[in-house]
Amino acid sequence: MTEKLTVSVLGTGIMGAAMARNLARAGHTVRVWNRSRSKAEPLAADGAYVAGTPAEAVEGADVILTMLYDGAAVRDVMGEAGPALRRGTAWVQSTTAGIESTGELAAFANAHGLVFFDAPVLGTRQPAESGQLLVLAAGPVAGRDAIAPVLDAVGARTVWTGEDGAAAGATRLKLVANSWVLATTNAAGEVLALAKALGVDPRSFFDAIAGGPLDMGYLRAKAGLVLDDRLSPASFAVTTAAKDARLIVEAGEQNGVRLDLAAAGAARFARAEAQGHGDEDMAAAYFASFENGTGD
């Protein structure tokens, strides 16, 4: 039988809430916390304990899972949890935090005697809700069995990239993968915007590429959200995409690579966010092609 653990989930947004729910369904004792408590409270119906502070949330935890906005948020929250952290506890850090921040978080873990795993995930709302995320992970072999029940509950597969979480091997792979995802999302938006400007029915474009090497399920899925006005609730919000895009551009700059498409994509996400589309699905970057931000 799978060992039942006490798991603390810090951050219950789109992804964190789904992960917490799947952990509870797998029979684990789940303690959750979110800065906006209203986002955590619905999880009580799934059997999770809703804590008032990060320190309260991590009390008695076998595993801590962080799924917050960025590296700075993780540092702040884990700092608040500091007095209640127990040496030897495994920390599954799933926030897309960037390379530098991941190293800093690993140093925090070391200072507090935590077993650190760099473990970002690939997937959006639907795979998160169904426990079908792809987990990218790096961390010590000796501690992997202890967190296996957690990774099994939230993901369909785990890809191990190395033994040193501080080296951010999993985060590096996540940034590479996200560079493709975000570029494709922006390309889908520009295809629709250009079609609109030229008076072309976008569905004629999809008919033209159907079944050929240019066809792509992801392109159709993201374009469909725009065409069918299904941008809310977001599977992956514009605001989060903008943050991830900045991390990708920074990673390129810091390693001597010029990422022109990524930089342009980051600007598009930022523009869509400024236009008021931040909480919508990242496909709403489509609106960045129009000065009024409405597509009209």
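Notes on the structure follow. Please read these numbers as outputs of a predicted model, since none were measured by experiment.

Cut-offs and rules
Per chain, the residues get numbers from 1 upward, laid out in the order the sequence is written. Per-residue local features are limited, in this predicted model, to residues with pLDDT of at least 70; the limit for side-chain atom pairs, both in listing and counting, is 80 or more; totals at the level of whole chains, interfaces and linings are taken over all residues. Excluded from the side-chain calculations are hydrogens and water; all other atoms, namely the structure's heavy atoms, are used. Every helix listed is a DSSP run of H or I at least four residues long, and every strand listed is a run of E at least two residues long, numbered separately from the N terminus. When we talk radius of gyration, it's over C-alpha atoms, and the globule rule is simply 2.2 Å times the number of residues to the 0.38. Only protein chains enter the accessibility calculation, which uses a 1.4 Å probe; a residue is then buried when its area is under 20% of its type maximum, exposed when over 50%, and partly exposed in between. The contact rule is simple, with two residues in contact once any of their heavy atoms fall within 4.5 Å. Throughout, the Shrake-Rupley method with a 1.4 Å probe supplies accessible areas, and for residues the shown protein chains are the sole cover considered. A side-chain nitrogen of Lys or Arg and a carboxyl oxygen of Asp or Glu constitute a salt bridge if their distance falls within 4 Å. Only when DSSP finds a minimum of two bridges between them are two strands counted as paired. By the criterion used throughout, a crossover qualifies as right-handed when its path from the first strand across the helix to the second strand runs clockwise, the strands pointing away from the viewer. To get an axis, a line is fitted to the C-alpha atoms, and for a helix only the part in contact is used. The angle between two axes follows their N-to-C directions and goes from 0 to 180 degrees. Working rule for angles: under 35 degrees goes down as roughly parallel, over 145 as roughly antiparallel, 65 to 115 as roughly perpendicular, anything else as oblique. For a crossing to be left-handed, the near helix must be turned anticlockwise from the far one by less than a right angle; the clockwise case is right-handed. Under the scheme applied here, ten amino acids are nonpolar (Ala, Val, Leu, Ile, Met, Phe, Trp, Tyr, Cys and Pro), four are charged (Asp, Glu, Lys and Arg), and all others, including Gly, are polar. Here the nonpolar core consists of buried residues drawn from Ala, Val, Leu, Ile, Met, Phe, Trp, Tyr and Cys, with membership extended through side-chain atoms lying within 4.5 Å. In protein, a polar contact means a hydrogen-donor-capable atom and an acceptor-capable atom, both N or O and within 3.5 Å, with residues adjacent in sequence counting only if both atoms are side-chain atoms; elsewhere, any N or O pair within 3.5 Å suffices.

## Some points on the overall build of the protein chain
Item 1. Looking only at helices and strands, one finds twelve helices and nine strands in the protein chain.
Item 2. For 296 residues, the compact-globule estimate of 2.2 N^0.38 gives 19 Å, and the C-alpha radius of gyration of the protein chain, at 20 Å, lies within 12% of that figure.
Item 3. Out of the 296 residues belonging to the protein chain, those deemed buried represent 50%.
Item 4. Considering only contacts within the protein chain whose residues lie at least 6 apart along the sequence, 64% involve residues at least 24 apart.
Item 5. Carbon and sulfur atoms form 53% of the exposed surface of the protein chain, whose accessible area is close to 13,200 Å².

## With respect to the pattern of salt bridges
Item 1. In total, this model carries twelve salt bridges according to the counting rule given.
Item 2. The salt bridge involving Glu41 is made with Arg37; its shortest N-O contact spans 3.1 Å.
Item 3. Classification of Glu41 as partly exposed rests on a relative accessible area of 42%.
Item 4. Exposure remark for Arg37: the relative accessible area of 40% places this residue in the partly exposed category.
Item 5. Overlapping salt bridges, with partners in common, bring together Arg203, Asp228 and Arg230 in one network.

## Some thoughts on the pairing of strand 8 (residues 133–138)
Item 1. The buried fraction of strand 8 is high, at six of six residues.
Item 2. In strand 8, alternate side chains face the same way, and those of Leu133, Val135 and Ala137 on one face and Leu134, Leu136 and Ala138 on the other are all buried.
Item 3. Bridge analysis of strand 7 (residues 121–122) against strand 8 gives two bridges, and the strand direction is antiparallel. Counted as the bridge partner of Val121 is Val135 from strand 8.
Item 4. Here six bridges tie strand 8 to strand 9 (residues 155–162), and the two strands are oriented parallel to one another. Counterpart to Val135 in the pairing with strand 9 is Thr158.
Item 5. What joins strand 8 to strand 9 is helix 7 (residues 144–154), and the crossover it makes is right-handed.

## Some details on unusual backbone geometry
Item 1. The omega angle of the peptide bond from Ser232 to Pro233 is 0 degrees, so this bond is cis rather than trans.
Item 2. Inspection of the secondary structure puts Pro233 in the loop between helix 10 (217–227) and helix 11 (238–254).
Item 3. Positive phi values are uncommon outside glycine, yet Ala168 reaches one of about 60 degrees.
Item 4. For Ala168, the location among the structural elements is in the loop between strand 9 and helix 8 (169–198).
Item 5. On the basis of relative accessibility, which here comes to 1%, the residue Ala168 falls in the buried class.

## Things to note about the packing of helix 9 (residues 202–209) against helix 10
For any two helices packed against each other, one specifies the crossing angle of their axes together with the interaxial distance.
Item 1. Between helix 9 and helix 10, whose axes approach to 12 Å, the crossing angle comes to 165 degrees. If you check the angle between helix 9 and helix 10, you find them roughly antiparallel. You can see that helix 9 and helix 10 cross each other, and the crossing is left-handed. Contact residues: Pro202, Arg203, Phe205, Phe206 and Ile209 in helix 9; Leu219, Arg220, Ala223 and Leu227 in helix 10.
Item 2. Tallied by class, the residues present in the contact of helix 9 with helix 10 amount to seven nonpolar, no polar and two charged.

## Points about the environment of Leu23
Item 1. Following the sequence through the fold, Leu23 ends up in helix 1 (residues 14–25).
Item 2. Sequence separation between Leu23 and Gln275 is 252 residues; the distance between their C-alpha atoms is 36 Å.
Item 3. With residues near it in sequence (within four places) discarded, Leu23 still touches Val7, Val9, His28, Val30, Val150, Ala153 and Val154.

## With respect to the nonpolar core
Item 1. In this structure, Val9, Leu23, Val30, Val32 and Val63 are the most contacted members of the largest nonpolar core, which totals 33 residues.
Item 2. Breaking this core down by element, the ones donating at least two residues are strand 1 (6–10), helix 1, strand 2 (29–33), strand 4 (63–66), strand 5 (90–93), strand 8 and helix 7.
Item 3. Looking at this core, the element that brings in the most residues is helix 1, giving seven residues.
Item 4. By size, the runner-up hydrophobic cluster in this structure holds 21 residues, among which are Ala81, Trp91, Ala97 and Leu114.

## Thoughts on the side chain of Thr171
Item 1. Along the chain, the position of Thr171 falls in helix 8.
Item 2. Reaching out from Thr171, the side chain makes a polar contact with the side chain of Asp118 at a distance of 2.7 Å.
Item 3. Ignoring anything within four residues of it in the chain, the contact list for Thr171 reads Gly98, Ile99, Thr102, Asp118 and Pro120.

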